[in-house]
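# Overview (structure and organization)
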Amino acid sequence: MIFFLFFLFQKDLGFFAFSSSTSIIRQEQKCKKTSSKKIVSVVSPQKKPRPSATGSVVLTFFSSIVWDREKIVVIPDHYIFTNDERAHRNVDIAREFCVEQDIKYFYDIQDRSNFRANPDYKGVCHVALAQEGHCRPGEVLFGTDSHTTSAGAFGQFATGVGNTDAAFILGTGKILLKASIIGEISMSGATYKTMEFAGTTIESLSMEERMTLCNMVVEAGGKNGIVAADKTTYKYLEDKTSVPYEPVFSDDNARQVLFLAKYRFDVSKMEPLVAKPHSPDNRALARECNNVKIDRVYIGSCTGGKTEDFMAAAKVFLAGGKTVKVPTFLVPATQKVWMDLYTLEVPGSGGKTCSKIFEEAGCDPPASPSCAACMGGPRDTYGRLNEPQVCVSTTNRNFPGRMGHLEGQIYLASPYTAAASALTGFVTDPRKFL
Amino acid sequence: MALFSAATSTATVLPRNLAFASSLSRSLLRSPRFLSFPTAPRNRASVSIQAPRAQAAASSSASFHGLCYVVGDNIDTDQIIPAEYLTLVPSKPDEYEKLGSYALIGLPASYATRFIDAGETKTKYSIVIAGDNFGCGSSREHAPVALGAAGVSAVVAESYARIFFRNSVATGEVYPLESERRICEECHTGDVVTIELGESRLINHTTGKEYQLKPIGDAGPVIEAGGIFAYARKTGMIPSR
């Protein structure tokens, strides 16, 4: 599980319902409604699938020609910066495959001692996909990673699959899929359902913020999350892709008939939360956890390691004006994010970059971009919990052993909360500083 | 339109024993069920995927018999197979076995009876009984593969996370069965159980209780065939070897 395979399909899906549930999905001109009791929904893609392979498994046994060499993206990001031989082997297998199949998009890495020496290497797949212009409204994306849902931020259907499903897509360009309906939430409450985010607050969010939302949908069990494309989306895509796209939207009929539940949130009443060990839905107010002493802070991953996430942390450090009380690990998601930390100025700082602010606050220097310790990894992974310590992390899961040690205590939090906690050495509500 | 032609396989294809016999007679060397690929010479002709031939619903007379291992709710894939073992590639038989030896090693210490005894590579529990949301978290396909490699025939859970369910079916490694109601509190690790697949029934011989399961439905024929590729070939969706 070193890298990810992504498959991207454009709309114009023709499909049949898998199992006996009735499924209705409206697309712009095409609307297929079936309630088949028999098996097989075959989604026929017009466009590309992108594999982001958690899966040398997929590639070692794939003995065919891929369905479309341009609709597959292979992105090494897990277990990159390690001495683990098997981890290296997995990237080698990917490379062999991509060369053999002439895959257009393979973000390779060979020189691990210096990530910048690898011109193609990007880093965390979900962030790289967005930055490289592979996410487009109206398309369908499958990836061999559960957080593929992040791309729903672009108004596309994006969800995770396992390696065998991915291999099936690689060879055939099709997949058996059970279509889903908009649904409700909790850790398993969104299982098999889609979550659509709408409203004035959502409209005010940047693309990266929308990606964070859609990213976490899978922690509610959701099949995918979606934010309708709008001006913000189009602006983001302007300099990233020239591939034509056609956004799709859920229409009013769908809203009235098909939504299983509608949740209204008044954001003005929301307060910073954390997810306490050992589950993403074990939520608590950050301010009520301020007696929890912590051992370290980790800011990174597809969820909380994007440019804006680091900007948020930098703002807190700036406002705090102090140095961190605990080791603070920073892992930019991609090469682009890393560059941004060293070049972009933080508003209100008098011209300082994120990296300068982090340095002055006493954080560890930003590490090589990858998934790093979000999911533990080999023992020599940067930021890994090798002892039973308490860590505030901007990652997405805190199950036992997630970041390494089985008895590690992980508090999931926003970059604001993570930075605030680093400054005090306890779980801290960021409003203390902002 | 689909392109699906074959080149020389880079993996060793081993026939998989699809016996549904008692776990006690499981063959010692197991290979991934989903490993079966066309070996016809490479040819670039495009082949369209056809709708599968109509097929009668599978009425399997399979049954599984053995000891059960009971876990609670929200057993995530990090607990089923921690990330550090994911560099093992299941298509290699020795690594497949190794992967199996780590199944459920991520369970916290509160599970005093471990799933696999120290020094062993296989489990003595061929059936896992679980609560809600089994297999949540990461999409790693290694999760059902590790369970299958360890010797599990079926999981009976109150509910599943979707990617884990899909992966179980696509690989054909374990049957992801659902109970009609919560049974993880009425069964104990070490109970002797039988699952009658065709009747969707679980019998706990130790307690004497019987439980109704939800029928495996459309997923049944796919798992029975040996996973999605075998199934697709069998039903004519993709060309046979």
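What you are looking at is a predicted structure, and each value in this text was computed from that prediction instead of being measured.

With that settled, consider the overall build of chain A. Along its length, chain A carries 13 helices and 16 strands. Counting the 434 residues in chain A, one finds 65% classified as buried. Within the structure as shown, chain A displays about 15800 Å² of accessible surface, and the carbon and sulfur contribution to it stands at 50%.

So, about the confidence of the model for chain A. Close inspection of predicted coordinates is inappropriate for parts of the model with low pLDDT. Residues and elements named next belong to chain A. Here chain A averages 82 in pLDDT, while 80% of its residues score no lower than 70. Of all helices and strands in chain A, the one with the weakest mean pLDDT is strand β2 (residues 23–26) (22), whereas strand β14 (residues 328–331) scores best (98). Scored below 50 in pLDDT, residues 11–57 shows 183 contacts in the model against residues more than four places distant or in partner chains. In this model residues 181–185 is a low-confidence stretch, pLDDT under 50, and it forms 23 contacts with partners more than four residues away in sequence or in other chains.

Residues and elements named next belong to chain A. Within the secondary structure layout, Arg112 lies in the loop between β6 (105–106) and α3 (125–131). Notably, Arg112 is buried but unbridged: the nearest opposite-charge side chain belongs to Asp92, and the N-O separation is 5.6 Å. Excluding anything up to four places from it in sequence, Arg112 contacts Ile80, Phe81, Thr82, His88 and Val91.

Once that is clear, we can look at a nonpolar patch on the surface. Residue and element names in this part refer to chain A. Nonpolar side chains collect at one region of the surface, where Tyr263, Phe265, Val267 and Met270 lie side by side and expose about 410 Å² of accessible area between them. Within the element layout of this structure, Tyr263 appears in the loop between α8 (252–257) and β11 (273–275). Of the residues examined, Tyr263 reaches a relative accessible area of 42% and is grouped as partly exposed.

Think of interface size as the accessible area that goes away when the parts come together; that is how it is often given. Residue and element names in this part refer to chain A. Taken domain by domain, chain A comprises domain 1 (39–46 + 61–171), domain 2 (177–269) and domain 3 (273–432). Contacts between the two partners involve 25 residues from domain 1 and, on the opposite side, 27 residues from domain 2. The contact between domain 1 and domain 2 buries some 2100 Å² in all, and 63% of this surface belongs to carbon and sulfur atoms. Connecting domain 1 to domain 2 are zero salt bridges. For the interface between domain 1 and domain 2, the tally reads eight residue pairs in polar contact (both at pLDDT 80 or more). Looking at the side of domain 1 that touches domain 2, the elements with two or more residues in it are α3 and β8 (157–160).

A few words now on the nonpolar core. Generally speaking, a soluble globular protein has its nonpolar side chains buried in company with each other. Membership of the largest hydrophobic core comes to 73 residues, with the highest contact counts inside it found for Phe115, Ile129, Phe134 and Leu147 of chain B. Take this core: its biggest share by element is six residues, from helix α3 (residues 142–150) of chain B. Counting 41 residues, the second largest nonpolar core, distinct from the first, contains Val274, Val297, Leu330 and Val346 of chain A.

Rules behind the numbers
- Residues numbered from 1 in each chain as written.
- Chains lettered and ligands numbered in written order.
- Predicted model: local features only at pLDDT ≥ 70, side-chain atom pairs only at ≥ 80, totals over all residues.
- Heavy atoms only, no water.
- Helix = DSSP H or I, 4+ residues; strand = E, 2+ residues; numbered from the N terminus.
- Buried < 20%, exposed > 50% of the residue type's maximum accessible area, 1.4 Å probe, protein only.
- Areas by Shrake-Rupley, 256 points an atom, 1.4 Å probe, with all protein chains shown as cover.
- pLDDT = per-residue confidence, 0-100.
- Contact = heavy atoms within 4.5 Å.
- Lys, Arg positive; Asp, Glu negative; His and termini not counted.
- Salt bridge = Lys/Arg side-chain N within 4 Å of Asp/Glu carboxyl O.
- Patch = residues over 30% accessible without salt bridge, like charges linked within 9 Å, V, L, I, M, F, W, Y side chains within 5 Å.
- Domains from an automatic or database assignment.
- Buried area = accessible area lost by both parts, 1.4 Å probe.
- Polar contact = N/O pair within 3.5 Å; in protein donor to acceptor, adjacent residues only side chain to side chain.
- Core = buried A, V, L, I, M, F, W, Y, C linked by side-chain atoms within 4.5 Å.

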